[in-house]
Amino acid sequence: STPMTSSPWMAALIQTVGELISKYETAGYLTEDLEKRKDESLEMEVRNCNKLRCYWQNVRVDDVRRSTFVKYKEWRVLNTANGHKGLKACDYDLQTLVNAAKWAIAVDRLVTNPFSERPKFQKGKLVKHCRIYCPDDADELHDAAEHLMQNPRSVVLGFQLLLESYTGLRGGELHHWGTKEFGKLTQDGRYVKVWREKNQHLVNPYCELNPGLEATMAAFAAWKRVAHPRSKKFLPSPRLKGALSEDALSHALLR
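The following paragraphs examine the structure supplied in this document. (Residues numbered from 1 in each chain as written. Predicted model: local features only at pLDDT ≥ 70, side-chain atom pairs only at ≥ 80, totals over all residues. Heavy atoms only, no water.)

Observations concerning the overall build of the protein
Along the backbone of the protein there are eleven helices and two strands. Reading the protein from its N end, one meets helices and strands in the order α-α-α-α-α-α-α-α-α-β-β-α-α. Counting all 255 residues of the protein, 37% fall into the buried class. Of the contacts made within the protein by residues no fewer than 6 positions apart, 52% connect residues no fewer than 24 positions apart. As displayed, the protein has an accessible area near 16,000 Å², and 52% of this comes from carbon and sulfur atoms. (Helix = DSSP H or I, 4+ residues; strand = E, 2+ residues; numbered from the N terminus. Buried < 20%, exposed > 50% of the residue type's maximum accessible area, 1.4 Å probe, protein only. Contact = heavy atoms within 4.5 Å. Areas by Shrake-Rupley, 256 points an atom, 1.4 Å probe, with all protein chains shown as cover.)

Details of the packing of aromatic side chains
Tallied over the full model, the rule gives 15 aromatic pairs. With a centroid separation of 6.2 Å and 55° between ring planes, the pair formed by Phe-69 and Phe-115 is classed as tilted. Placement of the pair is Phe-69 in helix α4 (residues 66-78) and Phe-115 in the loop between α5 (86-106) and α6 (130-133), with a sequence separation of 46 residues. Here the two residues Phe-69 and Phe-115 agree in accessibility, since each one is buried. Of the aromatic side chains, those joined through ring pairs into one cluster are Tyr-55, Trp-56, Phe-69, Tyr-72, Trp-75 and Phe-115. (Phe/Tyr/Trp six-rings, centres within 6.5 Å; stacked < 30°, edge-to-face > 60°.)

What follows is the structure, given as structure tokens:
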């Protein structure tokens, strides 16, 4: 009888996780339905694959066990600057392996998904929800903004805090202002054109220009003309180069 491994179809199966990652990258990080990923979903897959290869390159697909995930978790935490916060990063990484395997199954490069039973390491009790830390009232919000603006290097963060509060936008959403039409007013001057995550900008692409937002935008523009006259970024970095990082405000509020 002919061994199963001699079959051309079996020879095409992916053997190592490193090979899976490379094939997934070459295919363009497609979904299990062979659709293209966009925006942050695509960016996350690219970022995670770069990190995953450091550990998984030579691991055989057939050798993946729960203990393999645990060992990766230990390695990931040690190689993350934020210590225990590596647990969340680890979960994101492993989800990318799940996604890659789903794609491989769709194109007949894997028979089963060896990552489908992967554990989740970020426990609920470790998650700190933003609602725990939100201001109780407008006075507390403005006190926080004032505290940030007392330091010349974090004035931009004070403005970001107020702009997010007046619009209800996430930090990543506000960072799109200054590109295309985002951050500009509608023709009637009543609304601001905004980008929203998870394709929600297609559903609700505007936010109302309320008096607080209008005053903040005017003050921010005046400050920016003086402090960063040459910057083409909406939220300029205090280092005078490039844009502010998306997590800068979060880190400042934690401090």
